[in-house]
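Inside the fold
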Amino acid sequence: MSTGLLYGINELMQIKHLNQRLTHAKPYVNVCYDHRDVQILPDLFLGTDNQTQVAEFILLRLTSDWNTQVSLFVLFLVTYLMTLTGNFLIVLLIRLDSRLHTPMYFFLTNLSLVDVSYATSIVPQMLVHFLAKHKVIPLLSCAAQLFFSLALGGIEFVLLAVMAYDRYVAVCDPLRYSAVMHGGLCARLAIMSWVSGSVNSLMQTAITFQLPMCTNKFIDHISCELLAVVRLACVDTSSNEVTIMVSSIVLLMTPFCLVLLSYIRIISTILKIQSTEGRRKAFHTCASHLTVVALCYGMAIFTYIQPRSSPSVLQEKLISLFYAILTPVLNPMIYSLRNQEVKGAWQKLLGKFSGLTSKLAG
């Protein structure tokens, strides 16, 4: 999800050193761009002062080759359409099949909505820029994109921790599962996930766009990502660094620790089961969620164990593409292919559809 949450902690000192250099630097653009970008520079600013509020930003392209841009446009468009189709089909299936009206699938519905919303906050704008001559994004659009992508990233991490707790209760206390995971608790946990991510994002967006910007308005990223925007500031960003660190701990590390503790207890409980069939069935209830957790947190862990103190700009872009393009399209596949209940519901729905088609044809 949002890369601001993924590597906010290990990026903080890099931002500080960059701000010190920018504060004493001359007002010039120190990025690579072609002659087409220069044509729009006079329209970028509302004034000439280094700390003047800007009207719009330029997102640097992934590649300058036109054929490659067209190929990426087609690839990402197809993937985005698959994301919309797959996640909406999962939501529809859960809605139509009463056997899937359980806490696990209630949270899965929320996860699908988060995935679709996150992809929608980034991919359509990226598709437009692939075919646009100038990769410009207005200030308000940039702020909105930052808010929604950061909020949805935080929501997903908290939601995965909630889903891990649901699996913990299902495996470790199955007799009391219905009593513990009742509808009221599930609704409160889902609301907590959405509110926590949204409040954090609102705070981060507000303080980020209050910063005076340097004359370099080129954002070297695929979207208006938190750290990429903060790097443009001409002033000390210590308060931003603190809030990024706190949000990274609260919305990334804390949920990850809760997921880790839940699965330690789950695995411990499964290993105590005597029968092989019992162990297989218990593990099967967690397989889909565990796969999604590994997918979402795996990139974060990979980032932290890098020998460098912070990821490169290219690595930042690749991580963002991973969470915006791949994760949303893979999640419904994982829950469809690795989950017997979902596959059974698909077969039941397709059987009804086939029967209805036969009646209409007859």
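To be clear, the structure that these remarks concern was listed above.
Notes on the structure follow.

Time to look at the side chain of serine 121. Note on placement: serine 121 falls in helix H5 (residues 103–131). Overall, the relative accessible area of 15% leaves serine 121 in the buried class. Within the local environment of serine 121, its side chain forms a polar contact with the backbone oxygen of tyrosine 118, the two atoms lying 2.6 Å apart. Filtering out sequence-adjacent residues up to four positions away, serine 121 remains in contact with Gln145, Phe148 and Ser149.

A few words on the nonpolar core. Residues Phe76, Phe107, Leu111, Met126, Leu160, Met181 and Tyr297 are the most contacted members of the largest nonpolar core, which totals 63 residues. Ranked by residue count, the leading element in this core is H5, at 13 residues. The contact partners of methionine 181, leaving out residues within four places of it in the chain, are Pro103, Phe107, Tyr165, Asp166, Val169, Cys186 and Leu189. Judged by nonpolar contacts, the second largest core, of 20 residues, contains Leu59, Phe209, Leu227 and Ala228.

Our next topic: the state of the cysteines. A complete count under the given rule lists one disulfide for this structure. Disulfide partner of cysteine 142: cysteine 224, at an S-S distance of 2.0 Å. Taking the sign of the torsion about the S-S bond as the criterion, the disulfide between cysteine 142 and cysteine 224, at about -120°, is left-handed. You can see cysteine 142 sitting in helix H6 (residues 139–172) and its partner cysteine 224 sitting in the loop between strand E3 (218–219) and helix H9 (226–230), a full 82 residues away along the chain. Just as cysteine 142 is buried, cysteine 224 falls in that class too.

Before going further, it helps to spend a moment on the layout of surface pockets. Reported here for the second largest pocket is a volume of approximately 390 Å³. Around the second largest pocket, the lining is made up of 18 residues, and of these Met104, Arg167, Ala170, Thr285 and Glu341 lie nearest the centre. Looking at the lining of the second largest pocket, the elements that each hand over two or more residues are H5, H6, helix H11 (276–304) and helix H13 (340–361). The dominant element in the lining of the second largest pocket, judged by the number of residues it contributes, is H11, at four residues.

This brings us to the pattern of salt bridges. Note on pairing: side chains with opposite charge can pair once their charged atoms come close. With the rule as written, the count across this model stands at five salt bridges. The closest approach of N and O atoms between lysine 317 and aspartate 220, which form a salt bridge, is 2.8 Å. A residue pair is termed long-range when its members are at least 10 positions apart, and lysine 317 in helix H12 (residues 313–337) and aspartate 220 in the loop between E3 and H9 qualify at 97 residues. You can call lysine 317 buried: its relative accessible area is 9%.

Taking strand neighbours across the sheet as the criterion, the three strands line up as E2-E1-E3 in an open arrangement whose pairing is mixed. Each having just a single partner strand, strand E2 (136–138) and E3 make up the two edges of the open sheet. Judged from the two bridges that link them, strand E1 (residues 56–59) and E3 form a sheet pairing that is parallel. When the bridges of E3 are listed, isoleucine 58 appears paired with phenylalanine 218. Against the sheet, H6 engages E1, E2 and E3, with an angle of about 85° to E2.

Where nonpolar side chains cluster on the molecular surface, the patch consists of Val242, Met245, Val246, Ile249 and Val250 and spans about 410 Å² of accessible area. Looking at where valine 242 falls in the secondary structure, it is placed in helix H10 (residues 238–272).

Further remarks concern the packing of H6 against helix H8 (residues 183–208). In contact at an axis separation of 7 Å, H6 and H8 are set at 145° when each is read in the N-to-C sense. As for the relative orientation of H6 and H8, their crossing is right-handed in sense. Looking at the contact of H6 with H8, its residues break down into 14 nonpolar, 10 polar and no charged.

Turning next to the packing of aromatic side chains. If you walk through the whole model with that rule in mind, you get five aromatic pairs. Taking 6.2 Å as the distance between ring centres and 35° as the angle between the ring planes, the aromatic pair formed by tyrosine 165 and tyrosine 168 counts as tilted. Of the two residues, tyrosine 165 and tyrosine 168 both sit in helix H6, three residues apart, roughly one turn of that helix. Classification of tyrosine 168 as partly exposed rests on a relative accessible area of 23%.

Turning our attention to empty space enclosed by the protein. Under the defined criterion, the tally for this structure stands at three cavities of 30 Å³ or more. Taken together, Leu59, Leu60, Arg61, Leu62, Gln69, Gln125, Met126, His129, Phe130, Lys135, His221 and Ile222 form the lining of the largest cavity. Looking at which element gives the most residues to the lining of the largest cavity, the answer is H5, with four residues. Partitioning the lining of the largest cavity into residue classes produces six nonpolar, four polar and two charged.

Rules of the game
- Residues numbered from 1 in each chain as written.
- Predicted model: local features only at pLDDT ≥ 70, side-chain atom pairs only at ≥ 80, totals over all residues.
- Heavy atoms only, no water.
- Helix = DSSP H or I, 4+ residues; strand = E, 2+ residues; numbered from the N terminus.
- Buried < 20%, exposed > 50% of the residue type's maximum accessible area, 1.4 Å probe, protein only.
- Polar contact = N/O pair within 3.5 Å; in protein donor to acceptor, adjacent residues only side chain to side chain.
- Contact = heavy atoms within 4.5 Å.
- Core = buried A, V, L, I, M, F, W, Y, C linked by side-chain atoms within 4.5 Å.
- Disulfide = S-S within 2.5 Å.
- 1 Å grid on protein atoms, 1.4 Å probe; cavity = no way out; pocket = protein on both sides within 12 Å on 5 of 7 lines; lining within 4 Å.
- Points joined across faces, edges and corners; volume = space filled by probe spheres on them.
- Salt bridge = Lys/Arg side-chain N within 4 Å of Asp/Glu carboxyl O.
- Pairing = 2+ DSSP bridges.
- Axes fitted to C-alpha atoms, helices over the stretch in contact; angles between N-to-C directions.
- Patch = residues over 30% accessible without salt bridge, like charges linked within 9 Å, V, L, I, M, F, W, Y side chains within 5 Å.
- Areas by Shrake-Rupley, 256 points an atom, 1.4 Å probe, with all protein chains shown as cover.
- Left-handed = near helix turned anticlockwise from the far one by under 90°.
- Nonpolar A, V, L, I, M, F, W, Y, C, P; charged D, E, K, R; others polar.
- Phe/Tyr/Trp six-rings, centres within 6.5 Å; stacked < 30°, edge-to-face > 60°.

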